[in-house]
Amino acid sequence: MAAQLTLSGPSDSALSSLTDESVSSRTSNRSLRVAENERRKNEAVDPSVLALKYFSDVEAGTPIQGNDEVERNLVLVEQVAYRNGLSPEAISIMLEFAMSLRMGHSLCPRVLKCLIPVTVVPQEAVVRGVSWLGVGKIPVSTQVLFIKWVLTVFDMIDAKDQLRAIYGFIFSYVSEENLCPYICHLLYLLTTKQAVRVVRVRKLLELQSKLGRQPFLLNLLSLYKVFCPELVTLSIPSRSKSVFKNHNMPWKSAFFAVQKRNGSQVASSITLASASKDGTNRRKRLPAQMGSLLGSRLALQYLDCVQDESALLRLNFWLGYALHEEFLFCGDGASQNSEESMQFLDKLLFTEHFLQEGFSSSEAFLYKFLNVWDGSLLRPQILGLLSNIPVVPSSQMGRLLFEPLKQLFFTSSVFFKCGLIECLNNMLLKWLIWHSVYALEDDLDISLNSHTSINMTLSGFKDSVMELVDFVGRLASIGLQLEGCHSLLLSFILDFYTMVCDTFLKYGLPLVMMPPPGVFYPALFATDPVSVDRLAFIMYRYKVNLTSAKSQENLTECLFLFQHSKPWSWYLEYLFSQGYDGLKLFVQSNIRAGQGNGQGNGQGQGNGQHNGQGNGQGNGQGNGQHNGQDNGNGQGNGQGDGQGNGQGDGDGLST
């Protein structure tokens, strides 16, 4: 039976299995054939793939003369590069071909000029290109062109860690006189604090003694000094003709053509470069061109979150040079009036508002620029930057701010006067907000901002605020006289004092400063009821602040800038008789509450300390200490005696 079964042939299950295997084999072979045909079809449709394969496989020593194949393939690659840009794989292949000199050096410049990336540039390709510089066979002109290309696409390189790892190798080329300017620029972009060493500082100083004070050496030394000031004792001048020159001319037009055609930001360095490792570990890096951070919300948000001190220092350093070159030391006025300059300042303003703080380089620039500014050039931008200046020590405010602003204020139109008052109003507001948020409870070591080492005590801060408020009071008084109490100017001035009157309650600053007569009287006698109403509100807020300070037993420094005299007292009596009950209540509760009264026969009473003796009656009022001696009237400040046969009065304010 078994034999019969064996001879009878395979079973149905065996036949089914053989059939399945045969079908699977045929299907697999058909898939391979389809894939191969598709590949051949793609290669036939896109000859650039074959062209790249040619440059990848070409052997060293292949002659160029009479070689039509290399010319045909290179033309295909150039057409793709200038039309759509090259992929990262294509960049790697062509850069390796050019720098390895497989077919000599004559094709290198042509290949380098067509390396237009469509997305990113592989870091490994750049590192291999740099390594070929050490072979010693590449002409100097080709080496320079390669470094220029690296500088142009630097922010498109997908990572920088390997490049920073060979920082010392790159630094060795600073000795090459023709390469030195470009190597210094590349080192500037790659420098971190860890890369600054004594031996490198000495080498740069040695080159400077040999080549002179070249801008590229000074710029790199300046960056070294930012990271390690103790290693660079050289005095770096603040004025420089240029930071680093742009080297993108061979690729600039092609970059923008590809960008426009693809609708992508190929040539833009404003975006963050993404680095990828092993396909999973993705991290963000700030662009090496720190100026590209301006105007980019994503980059500024990242910068604010990571609090990278070196990045902030580099951005601050770059801003200083850019502002000085663009606005202070430019050869002609065309740059200042250009739309590009306005956009640059607008981006700087956006950055400062986004980070909620100004830059020290911007502050230093403004102090110099105010001395040459005509008050009209880029006025909104300059006043906006001016309002972001952090607290200035009171001893320096006159020289740095008040003198140039005073000259501009008195010689400009009413609209400039309004703009400057608004600017100073915003400046004071930011100072007060900073104080209310960051001031320490013990009133010591108040840091001006989070990225500076300057400290200021509460007393110093109050002095600066008093100087600023007093300066605005002087400007306002004279400005109203010059402009005939212009209603628009008066409105901006009242805006300022609307904030000043609430410095204690809203911002926690124990300081109350009232407007000078040159502001108070024009507002009080203004023909429009709005100004009078606003003045009444301001006086009411002063009362609330003073009352609160007294109730809290806070040692508030009250600076009343009214000059109270007999005509003023007569005028008050007149106003009281006309029904100004609010003003009467304010004066009685805040001014006359400080009266001290002393009545005859050796007895005296008051908030100050004094004695009044005499056959008649003696009254004394004083702010602090009161001395007065007279048969008729006695006036004075201090503790003392008032004696007389008649009546003695001392007028003043008392707290």
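All residue numbers here refer to positions counted from 1 along the written sequence of the relevant chain. Owing to the predicted nature of the model, reporting of local features is limited to residues with pLDDT of at least 70; listing and counting of side-chain atom pairs is limited to 80 or more, with chain, interface and lining totals taken over all residues. In computing side-chain properties, one takes all heavy atoms of the structure into account and sets aside hydrogens as well as water.

So, the overall build of the protein chain
And then number 1: Along its length, the protein chain carries 29 helices and 12 strands.
And then number 2: Note on classification: 1.4 Å probe, protein chains only; a residue is buried when its accessible area is under 20% of the maximum for its type, exposed when over 50%, partly exposed between these limits. Counting over 655 residues, the protein chain shows a buried share of 45%.
And then number 3: In this analysis, two residues are considered to be in contact whenever any of their non-hydrogen atoms come within 4.5 Å of each other. Expressed as a percentage of contacts within the protein chain between residues at least 6 apart in sequence, the contacts between residues at least 24 apart total 67%.
And then number 4: Exposure was quantified through the Shrake-Rupley algorithm and a 1.4 Å probe, taking into account, for residues, occlusion by the shown protein chains and nothing else. As displayed, the protein chain has an accessible area near 33,300 Å², and 51% of this comes from carbon and sulfur atoms. Put simply, DSSP H or I for four residues or longer makes a helix, DSSP E for two residues or longer makes a strand, and each gets a number counted from the N terminus.

What about the pattern of salt bridges?
And then number 1: For this document, the term salt bridge refers to a Lys or Arg side-chain nitrogen within 4 Å of an Asp or Glu carboxyl oxygen. Scanning all chains against the criterion turns up nine salt bridges.
And then number 2: The residue Glu96 makes a salt bridge to Arg128 at a minimum N-O spacing of 2.7 Å. Of the two residues, Glu96 sits in helix H5 (residues 88-100) while Arg128 sits in helix H7 (residues 123-132), which places them 32 residues apart along the sequence.
And then number 3: On the accessibility criterion, Glu96 (15% relative accessible area) is buried.
And then number 4: What makes Arg128 partly exposed here is its relative accessible area of 44%.
And then number 5: Across the salt bridge formed by Arg534 and Asp495, the nearest N and O atoms sit 2.2 Å from each other. On the criterion of sequence distance, the pair formed by Arg534 in helix H27 (residues 529-551) and Asp495 in helix H24 (residues 487-500) is long-range, its members being 39 residues apart.
And then number 6: Connected through salt bridges with shared partners, the residues Glu71, Glu78 and Arg110 form a single ionic network.

Some details on unusual backbone geometry
And then number 1: Although it is not a glycine, Leu378 adopts a positive phi angle of roughly 50°.
And then number 2: Residue position: Leu378 is located in the loop between helix H19 (360-369) and helix H20 (379-387).

Focus: helix H14 (residues 249-262)
And then number 1: To estimate the expected span of a helix, count its residues, drop one, and scale the result by 1.5 Å. Taking 1.5 Å as the rise per residue, H14 with 14 residues should run 20 Å; its terminal C-alpha atoms sit 21 Å apart, in good agreement.
And then number 2: Restricting attention to buried positions, one finds in H14 the residues Trp251, Ala254, Phe255, Val258 and Gln259. Seen end-on, H14 carries its buried residues on one side only, within an arc spanning 140°. Those residues of H14 that are exposed and aimed more than 90 degrees away from the buried face are Met249, Ser253 and Lys260.
And then number 3: Lining the buried residues of H14 we find helix H4 (68-84), helix H6 (108-113) and helix H8 (140-152). Working definition: the arc comes from the directions between the helix axis and the C-beta atoms, pointing outward to the latter.

Describing the side chain of Asp502
And then number 1: Within the fold, Asp502 resides in the loop between H24 and helix H25 (503-507).
And then number 2: Given the relative accessible area of 3%, Asp502 is considered buried.
And then number 3: Engagement of the side chain of Asp502 in a polar contact is seen with the side chain of Asn545, the distance being 2.7 Å. For this analysis, a polar contact is any N or O atom pair within 3.5 Å, provided that within protein one partner can donate a hydrogen and the other can accept it, and provided that sequence-adjacent residues contribute only side-chain to side-chain pairs.

Observations regarding the packing of helix H26 (residues 517-524) against H27
And then number 1: The N-to-C vectors of H26 and H27 enclose an angle of 130°; their axes lie 8 Å apart at closest approach. Judged on the interaxial angle alone, H27 and H26 are oblique. Residues Phe520, Ala523 and Leu524 of H26 touch H27, and the partners they reach there are Ser531, Val532, Leu535 and Met539.
And then number 2: Residues of the contact of H26 with H27, tallied by class, amount to six nonpolar, one polar and no charged. Fitted lines through C-alpha atoms serve as axes, helices being fitted only where they are in contact, and the angles separating the N-to-C directions of these axes extend from 0 to 180 degrees. Each angle is binned into one of four classes, with values under 35 degrees roughly parallel, values over 145 roughly antiparallel, values of 65 to 115 roughly perpendicular, and all other values oblique. By the convention adopted, Pro, Cys, Tyr, Trp, Phe, Met, Ile, Leu, Val and Ala count as nonpolar, Lys, Arg, Asp and Glu as charged, and the other residues, Gly among them, as polar.

Quick notes on the packing of aromatic side chains
And then number 1: When the centres of two rings from Phe, Tyr and Trp lie within 6.5 Å, Trp using its six-membered ring, the rings pair. Their planes under 30 degrees apart give stacked, over 60 give edge-to-face, and anything left gives tilted. Per the counting criterion, the structure on display carries 14 aromatic pairs.
And then number 2: Here the aromatic rings of Phe169 and Tyr173 are separated by 5.5 Å at their centres, their planes lie at 80°, and the arrangement is edge-to-face.
And then number 3: Three or more aromatic residues joined by ring pairs form one cluster here, namely Phe365, Phe369, Trp373 and Phe416.
And then number 4: Lys160 extends its terminal NZ or CZ atom over the ring of Phe154, reaching a point 5.0 Å from the ring centre. Lysine NZ or arginine CZ positioned within 6 Å of the ring centre and within 35 degrees of the ring normal marks a charge as sitting over the ring.

Digging into H5
Turn by turn, an α-helix covers 3.6 residues, leaving residues three or four places apart pointing in a common direction.
And then number 1: Its 13 residues give H5 an end-to-end C-alpha distance of 18 Å, which sits within 8% of 18 Å, the value for a rise of 1.5 Å per residue.
And then number 2: Every buried residue belonging to H5 is among Ala90, Ile91, Met94, Leu95, Glu96, Phe97, Ala98, Met99 and Ser100, and all of these are buried.
And then number 3: Those residues of H5 hidden inside the fold are in contact with helix H3 (47-57), H4, H6, H7 and H8.
And then number 4: Residue Leu101 follows H5 closely and has a positive phi angle near 55°.

Concerning the environment of Pro63
And then number 1: Position of Pro63 relative to the elements: it lies in the loop between H3 and H4.
And then number 2: By relative accessible area, which is 53% here, Pro63 ends up exposed.
And then number 3: The spatial distance from the C-alpha of Pro63 to the C-alpha of Met103 is 6.3 Å, given a sequence separation of 40 residues.

Section: the environment of Lys506
And then number 1: Here Lys506 shows up in helix H25.
And then number 2: Lys506 sits 70 residues away from Ser436 along the chain, and the two C-alpha atoms are 8.4 Å apart.

Some points on the packing of H3 against H4
And then number 1: For the pair H3 and H4, the least separation of the axes is 9 Å and the interaxial angle reads 120°. As summarised for this structure, H3 and H4 are arranged oblique, according to the angle between their axes. The hand of the H3/H4 crossing is left-handed. On the side of H3, the interface is formed by Pro47, Ser48, Ala51, Leu52, Tyr54 and Phe55, while H4 contributes Glu69, Val70, Asn73, Leu74, Leu76, Val77 and Val80.
And then number 2: Split by residue class, the contact of H3 with H4 holds 10 nonpolar, two polar and one charged. By convention the crossing between two helices is left-handed if the near helix lies anticlockwise of the far one by an angle smaller than a right angle, and right-handed if it lies clockwise.

Topic: the confidence of the model for the protein chain
And then number 1: Confidence of the predictor at the level of single residues is given by pLDDT, which spans 0 to 100. Across the protein chain, the average pLDDT comes to 75, with 67% of residues at or above 70.
And then number 2: Averaged pLDDT values for the elements of the protein chain fall to 34 in strand S1 (residues 273-277) and rise to 95 in helix H10 (residues 167-171).
And then number 3: With pLDDT under 50 throughout, residues 1-10 is counted as low confidence; its partners more than four residues away or in other chains account for one contact.
And then number 4: In this model, residues 238-242 is a region of pLDDT below 50 whose contacts with residues beyond four sequence positions or in other chains number 11 contacts.

Regarding the environment of Trp149
And then number 1: The topology assignment puts Trp149 in helix H8.
And then number 2: Assessed through its relative accessible area of 0%, Trp149 is described here as buried.
And then number 3: For the pair formed by Trp149 and Lys113, sequence separation is 36 residues and the distance between their alpha carbons is 8.1 Å.

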